[in-house]
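For reference, the chains in residue letters:
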Amino acid sequence: MKNILKLSIIIFGLGLIFSSCEKPQEIYDQPMPEAGVYISGSAIYLDSINLDGLMDLGKIEKSGEIETRDSLYQKFMYITASGDFTVNQQIEIETIAYGLSGDWTEEETGIWSANIAEGGSKFKVAEDGFYLFTIDLNLSIAYLFKVENWYLTGDAVVTEDAKIELITSDKSGCTWEGTGIEILSGSSSSNMIFSFYNEKTYSISGDSINIVTYLGGAFPEPEFGGENFVTYIDQDDNTFDFTMSYNFLTQFESTNTMPAYNPRVHTYGLIGDAFYQDNNPDNAATAWDIDFNLAFDENSDTLNGIHNFVYPEMYFIGDKEFKIRLDEMWDNGEMGYSGVDNVTGDIANIISAGGQYGNFKTVGDAQYNVTFTFNTETYKTTIDFSLIE
């Protein structure tokens, strides 16, 4: 009996030795998503919370400007009627789920609104389709816009009802196509946008908040609420095709058959009373009667759309005005201060004259290296005034 007891004690001791040598079990925390508002569910592309489902801040129009609204979130997506989805807000380690408080109300054809609440019922749609879903956490309201087709609108579009029609769609994305759309041709630029509603905005909350309903920016990657697309068509054949696609992960892309624009079809010059004749400060000032043409910079990065036109060491007279003129002709697409997208360099001395003509205005005398840039990738223009000390 004593031997059995001794053996039991030995076995117990060995067990303690071996157990003390085992590596302690490690408990790993589950990674929490970054702070933000997420969308997920069986009705859409993502069925779980992850960064790909992070919603964008919603864009509104206010006093003629486009800005984001802190409490408004949005997501374009294909939604199936057979599933549902939820919005989750991540605040540090807390996840707040939002859903419907009641039913959708159809405000007008293809547009619904609904009250929302923490822990509400999951969101559902009545039929499959591509939608813009918006949710305002301060107003506790959600909106659903069904996007069947896009429409090209603006002064660049000659064709009435220029429709870009939905061709294919599923949870991963959609494609649209439009053919035979006539675009305004001429030497000056014109503008357009892609819109899914008959106005550029849709008003909510007693018409005090105007949700953006269009795409602008640059054709390769249209931007929700972006600036107007700018077009230059210098040819008689002005009928083109347009396509657009949407991918849940990569957003929008657009192509068209419009020809690549070559800014060198024009001569860009400065004209006004802010210069000396022959650019010589010993001479009299000009009087809106002389064009100082900028020369094309052969080192421009044209493969990436950059076309620079330069006039080096140009003298400017203070408290005078000037403009950019094309081809030494008026009514041919001249540009004042607001006519270019960006003014850079010595911007404290080159300001807007305002008034009827919107010219550039100088504050004081100066000498600059002047560079006018036309970017054919974005159709944006920049003029730079680099001060010569």
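On a predicted model such as this, the values are computed, not experimentally measured, just so you know. (Residues numbered from 1 in each chain as written. Predicted model: local features only at pLDDT ≥ 70, side-chain atom pairs only at ≥ 80, totals over all residues. Heavy atoms only, no water.)

Caption draft 1: Structural detail: the pattern of salt bridges. Under the criterion given, the structure shown has eight salt bridges. Where Arg69 meets Asp136, a salt bridge forms, and the shortest distance between an N and an O atom there is 2.6 Å. With Arg69 in strand E3 (residues 65-79) and Asp136 in strand E8 (residues 129-136), this pair connects stretches of sequence that are 67 residues apart. Here Glu227 makes a salt bridge to Lys380, at a shortest N to O gap of 2.9 Å. Of this pair, Glu227 sits in the loop between strand E17 (221-224) and strand E18 (229-231) while Lys380 sits in strand E30 (residues 380-387), placing them 153 residues apart in sequence. On the accessibility criterion, Lys380 (21% relative accessible area) is partly exposed. Three or more residues joined by partner-sharing salt bridges are found here, namely Glu127, Lys146 and Glu148. (Salt bridge = Lys/Arg side-chain N within 4 Å of Asp/Glu carboxyl O. Helix = DSSP H or I, 4+ residues; strand = E, 2+ residues; numbered from the N terminus. Buried < 20%, exposed > 50% of the residue type's maximum accessible area, 1.4 Å probe, protein only.)

Caption draft 2: The arrangement of the packing of aromatic side chains in detail. Evaluation of the coordinates by the stated rule reveals 47 aromatic pairs. Ring geometry for Tyr197 versus Tyr202: centroids 5.5 Å apart, planes at 80°, classification edge-to-face. Between Tyr232 and Phe374 the ring centres are 5.1 Å apart and the planes differ by 70°, which places this aromatic pair in the edge-to-face class. Of this pair, Tyr232 sits in the loop between E18 and strand E19 (239-247) while Phe374 is found in strand E29 (residues 366-375), placing the two residues 142 residues apart along the sequence. Given the relative accessible area of 1%, Phe374 is considered buried. What links up through ring pairs into an aromatic cluster is the set Phe76, Phe130, Tyr143, Phe145, Trp150, Trp176, Phe196, Tyr197, Tyr202, Phe224, Tyr246 and Phe252. Over the ring of Phe248 we find Lys75, and its NZ or CZ is 4.5 Å from the ring centre. Residue placement shows Arg325 over the ring face of Trp330; its charged tip is 4.5 Å from the ring centre. (Phe/Tyr/Trp six-rings, centres within 6.5 Å; stacked < 30°, edge-to-face > 60°. Lys NZ or Arg CZ within 6 Å of the ring centre and 35° of its normal.)

Caption draft 3: Region of interest: the sheet that holds strand E22 (residues 292-293). Spatially, the five strands line up as an open sheet ordered E22-E21-E25-E28-E27, and their pairing is antiparallel. If you trace the sheet from one side to the other, it starts and ends with E22 and strand E27 (350-354), each paired once. (Pairing = 2+ DSSP bridges.)

Caption draft 4: The nonpolar core, seen in detail. Counting 43 residues, the largest nonpolar core has Phe76, Trp150, Leu152, Ile183, Met192, Phe194 and Phe242 as its most contacted members. In terms of residues, this core owes the most to one element, E19, which gives four residues. Counting residues in each nonpolar core, the second largest holds 30 residues, with Met314, Phe316, Met335 and Ile350 among its members. (Core = buried A, V, L, I, M, F, W, Y, C linked by side-chain atoms within 4.5 Å.)

Caption draft 5: Seen up close, the pairing of E8. Burial analysis of E8 places eight of its eight residues in the buried class, the great majority of the element. Where burial is concerned, the two faces of E8 agree: the one with Gly129, Tyr131, Phe133 and Ile135 and the one with Phe130, Leu132, Thr134 and Asp136 are both buried. Relative to E8, E3 runs antiparallel, the two being bridged by eight bridges. What sits directly across from Ile79, in E8, is Gly129. Relative to strand E9 (residues 141-146), E8 is paired through six bridges, and the arrangement is antiparallel. Across the sheet, the residue bridging to Ile135 is Ala142, located in E9. Connecting the antiparallel pair E8 and E9 is a turn made up of four residues, with Ser140 showing a positive phi of about 55°.

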